[in-house]
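# Results of the structural survey
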Amino acid sequence: MKAERQADPVRVTERFDFGWRFLLGDAEGAGQEHFDDSAWRTLDLPHDWSVEGEFSADHPAGGDGAYLPAGIGWYRKRFILPEHSNGRHVEVRFDGVYMNSEVWINGHYLGKRPNGYIGFHYDLTPYLHSDGRSNTLAVRADNSEQPGSRWYTGSGIYRHVWLIRTGAARLDNWGVHVTTPDVSASLGTAKVTVNVVNELGTGRYASLRTDIVDADGTVAASKTAGAFLPDLGTYAMSVDLQVNDPKLWSEVSPYLYTLRTSLYIDDRLADEMETPFGFRAIAFDADRGFMVNGARVKLNGVCLHHDGGCVGAAVPERVWERRLQLLKEMGCNAIRMSHNPPSPELLDLCDRMGFFVMDEAFDEWTHSKAKSGSAAYGYYKYFDEWWERDLTDMLRRDRNHPSIIMWSVGNEIPEQSQPAGPGLLKRLMDVCRREDPTRPVTLACDNIGSDINAATDEFLELLDVVGYNYVNRWRGRTETFYAEDRVRYPQMKMIGSEHSSVRSTRADYRLSGPLTADTRSDEAAAWRNPTYYTGMIRAERLWKFTRMHDYVAGDFMWTGIDYLGEARWPNKSSSAGVIDLCGFPKDGYYFYKSQWTAEPMIHPFPHWNWEGREGQIIPVLCYTNCDTVELFVNGKSFGVKSCEFPLQGMTKRYGHYDKPFVHATTSDLHLAWDVPYEPGVLRFVGTRDGKEVCVAERETTGTPVRLELETDRGTLAADGTDAAHVTVRLTDARGRLVPAADCSVSFSVQGAGTLIGVDNGDPASRESFKSNTRKTYGGLCLAIVQAGLHPGTVVIRAEAEGLEAAEATVRVQ
Ligand code: GAL
């Protein structure tokens, strides 16, 4: 085809994050074009005003909203279109505004979106000045009805905004849909459907060229389709492409192709889009669980909420990338986006890094989940009017991501137990199938077989895959729910959609439970607030079952990372994560690592600084994937221990074991020793097949003498979004982390970047995330530094009274 390219790119997608004016509060008439906003604050997006506030028990969002303020805010941005914009089609896209956003362009009201997690577009074309005069975009976000959510939402334009300029004939927003219905090692078929918009005013001949480009930039397949677009309107065009010997996408090798879609009108290039996608075949099987490209894979999953700790809901992509790297290193291969569509960047990262994703739409349908005042103004208020639009938009936005393996239409929806439930579920599932016939639909059910309000059979039978939340919640049935249900419903496909919810904090090494004279009889308190040596036992038991039974496709533990909200004073965040708000792993992280990774590891805990408790028994534990671990305390053996799971039997002949036989010393998935405290060194020696493969130590440290800084990256991109994580360690004279002598650290950040948040991972710490001081917790705290738009150097300095200060440098280029 003869392609005559225009001088300007046919499609310009501009990050529209910079130079907004912001007002915290309401302002009469601020949607109008010439409203005076000169006294408003200037800032760049993404922006979350809630996280900038102080923690207070008086804020109406309460503990569910992390004791942070909510309210109403306004944003305004002035911009001048480039000269050649006359006749161009101009749209704005918001990736997420929390919530009840209303948008005006030059005083014209464009519309409202109650749902704060949904991406949306507005056509600005008819109202724009393209003659060099400035235009004004105004946004009002209203998050004032509180309590409005069971977890922290953030407030404002907390995701990116884009300005998109195209022609009057163009590819529609979210208009490219690619599926890979037939995939084998020798052939991959991509089915592509493209919505083409004709606003040229006359009928035109369109041709659509589709190229599949591999990761090296080589075109692996091409096809062109033609159609006459008779009139104003949107037209669907379809092509099938085939790639020989495709490189398959999986969690271990997440190979991405790019689909390049080029629209030609009368032989002229009119629009072009690039869509990353992957060739992969996914299936759920009632006997074998989950399969990717024909191979069975257990879903080692975690649930995640959308906040990023001290940055609130406005999470730079790099913050997610670091978090996902940590999860990868833990052996996690799957993420449940609980309980709302995530940011587009997070899904892109999952595509690139190889995570399977359960993309979830709702936490409420028609019924409020408000309990004793929480979330009284939840999504149920909007569901009837908005669910179909919101669900459709989520599916259209997300359906090209190879990482997504299933849609979840809800979490713990009360309708699972009600007569109206099946009818409603069917309507939601029909929309999923209409927009994407290739993925199964699930729902995270918490009342399967429960004593009260059990989920109805009719409801469960509709689901493609049944999500089990907390199979171990009801009485003593624990995980045998799965086994019993498998007998009752042999065809049912089962996934653990949410489990565990073990509260723990990184530096909490209390030696006894929370039982006091007042709470002695309160079993719930012990359940909610376990000690370091009992906490993971429920999770261990459940994982044993999940691992041994292929028909349970996997499990999404609650939660991979701590999240803001769903807390009770004095805490402001949930501590259910195995990684804290800073991204520092807790001990539970290493439990999963011991089960989900193969490289020999031992994670011992607690620390070994117990001054004043000499001679007292301290439970010493480790998580390991070694066959055996021997503990030496100051050189003296405390014995060899072994989990022996999966159980090891005789092979080849009676009395023969493939591996040197060691009696299992526990039926748990951790090893434990009772050690009378004496200062010194705990040395853990791990073996496999009788050979030493791994050694770990815990030592009694000296007192703190200095701060040490560690940055996760030496160089950042000068793009106004890239970020470095600076970890502060409190160390003794020999450079060892001192676990129990916390102190306050003050930061100064100079040069080509800014400090955007500080934290220490302690849920009960209510120092502001936006201040430049932070107390360490368990010897650690964190500062996040964001690059500006100009190259240079950022110098980060950390000081604490009586200690040697530390400095780190990051380049921005
Ligand atoms: C679940 C719920 C989650 C979270 C969790 C806390 O029942 O789905 O959103 O509230 O409990 O343990």
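The sections below set out a description of the structure shown in this document.

Let's shift gears to the overall build of the protein chain. In terms of regular secondary structure, the protein chain is built from nine helices and 46 strands. Whereas a compact globule of 813 residues would reach a radius of gyration of roughly 28 Å, the protein chain reaches 28 Å, a difference of no more than 12%. Taking the principal axes of the C-alpha coordinates as reference, the protein chain spans close to 90 × 65 × 55 Å. The buried share of the protein chain, taken over its 813 residues, is 58%. Accessible surface for the protein chain amounts to roughly 31600 Å². Of this, 48% is attributable to carbon and sulfur atoms.

Right, let's talk about empty space enclosed by the protein for a bit. Enumeration over the complete set of coordinates arrives at nine cavities of 30 Å³ or more. The calculated volume of the largest cavity comes to roughly 260 Å³. Tyr 98, Tyr 117, Trp 151, Gly 378 and Tyr 379 are, among the 21 residues lining the largest cavity, the residues nearest its centre. The class makeup of the residues in the lining of the largest cavity is 11 nonpolar, seven polar and three charged. What the second largest cavity holds in volume is close to 190 Å³. Taken together, 19 residues make up the lining of the second largest cavity; nearest its centre are Arg 503, Ser 504, Thr 531, Tyr 532 and Asp 587.

Below, the discussion takes up the site of the ligand. In the vicinity of the ligand, the residues found are Arg 150, His 339, Asn 411, Glu 412, Asn 469, Tyr 470, Arg 473, Glu 498, Ser 501, Trp 558 and Glu 566. Interatomic distance of 2.6 Å between a side-chain N/O atom of His 339 and an oxygen atom of the ligand. For the ligand, whose accessible area on its own is 310 Å², the fraction buried by protein is 90%. Its residues placed into classes, the shell around the ligand shows two nonpolar, four polar and five charged.

Before going further, it helps to examine unusual backbone geometry. Leu 45 connects to Pro 46 through a cis peptide bond whose omega is -10 degrees. Relative to the assigned elements, Pro 46 resides in the loop between β3 (41-43) and β4 (71-79). In this model, Tyr 98 is joined to Met 99 through a cis peptide bond whose omega is -15 degrees. The backbone phi angle of Asn 100 is positive, close to 50 degrees, even though this residue is not glycine. By the element assignment, Asn 100 lies in the loop between β5 (89-94) and β6 (101-105). Using a relative accessible area of 8% as the deciding quantity, one classes Asn 100 as buried. Positioned with a positive phi, Trp 174 is a non-glycine residue whose angle comes to about 50 degrees. Note that Trp 174 resides in strand β11 (residues 169-183).

Here helix α3 (residues 380-398) spans only 23 Å end to end across 19 residues, well under the 27 Å set by a 1.5 Å rise per residue. Approximately 80 degrees is the largest bend angle found in α3, and it occurs at Trp 386. Those residues of α3 that fall on the buried side of the exposure criterion are Tyr 382, Phe 383, Trp 386, Trp 387, Asp 390, Leu 391, Thr 392, Asp 393, Met 394, Leu 395, Arg 397 and Asp 398. Contacts made by the buried residues of α3 are with β7 (108-113), β11, α2 (344-353), β23 (356-360), β24 (404-411) and α4 (421-435).

Attention now moves to the sheet that holds strand β25 (residues 441-445). Strand order around the closed barrel formed by eight strands is β21-β22-β23-β24-β25-β26-β27-β28, with parallel pairing between neighbours. On average, each strand axis in the sheet is tilted by 25 degrees relative to the strand beside it, whichever way the strands run. Along the sheet, α3 contacts β23 and β24; its crossing angle with β24, the most-contacted strand, is approximately 165 degrees.

Time to look at the nonpolar core. Grouped together as the largest cluster of nonpolar side chains are 144 residues, with contacts concentrated most on Phe 290, Leu 327, Trp 365 and Leu 391. Sort the elements by how many residues they give to this core and α3 lands first, with seven residues. Setting aside chain neighbours within four positions, we find Phe 290 in contact with Ile 282, Ala 283, Phe 284, Ala 295, Arg 296, Val 297, Leu 299, Phe 356, Ile 405 and Ala 553. In this structure, Leu 229, Tyr 257, Phe 277 and Phe 279 belong to the second largest nonpolar core, which totals 28 residues.

Within the structure shown, the criterion is met by 39 aromatic pairs. With a centroid separation of 4.9 Å and 55 degrees between ring planes, the pair formed by Tyr 468 and Tyr 482 is classed as tilted. In this pair, Tyr 468 sits in strand β26 (residues 465-469) while Tyr 482 sits in helix α6 (residues 480-488), placing the two residues 14 residues apart along the sequence. Each member of the pair, Tyr 468 together with Tyr 482, is buried. The lysine or arginine in question, Lys 77, covers the ring of Phe 16, its NZ or CZ lying 4.5 Å from the ring centre. Positioned above the aromatic ring of Phe 355, the side-chain terminus of Lys 328 is 5.1 Å from the ring centre.

The rules behind each value
Residues numbered from 1 in each chain as written. Predicted model: local features only at pLDDT ≥ 70, side-chain atom pairs only at ≥ 80, totals over all residues. Heavy atoms only, no water. Helix = DSSP H or I, 4+ residues; strand = E, 2+ residues; numbered from the N terminus. Rg over C-alpha atoms; globule rule 2.2 N^0.38 Å. Buried < 20%, exposed > 50% of the residue type's maximum accessible area, 1.4 Å probe, protein only. Areas by Shrake-Rupley, 256 points an atom, 1.4 Å probe, with all protein chains shown as cover. 1 Å grid on protein atoms, 1.4 Å probe; cavity = no way out; pocket = protein on both sides within 12 Å on 5 of 7 lines; lining within 4 Å. Points joined across faces, edges and corners; volume = space filled by probe spheres on them. Nonpolar A, V, L, I, M, F, W, Y, C, P; charged D, E, K, R; others polar. Near = heavy atom within 4 Å. Polar contact = N/O pair within 3.5 Å; in protein donor to acceptor, adjacent residues only side chain to side chain. Expected span 1.5 Å × (residues − 1). Bend = angle between axes of the 7 residues up to and from the residue. Contact = heavy atoms within 4.5 Å. Pairing = 2+ DSSP bridges. Axes fitted to C-alpha atoms, helices over the stretch in contact; angles between N-to-C directions. Core = buried A, V, L, I, M, F, W, Y, C linked by side-chain atoms within 4.5 Å. Phe/Tyr/Trp six-rings, centres within 6.5 Å; stacked < 30°, edge-to-face > 60°. Lys NZ or Arg CZ within 6 Å of the ring centre and 35° of its normal.

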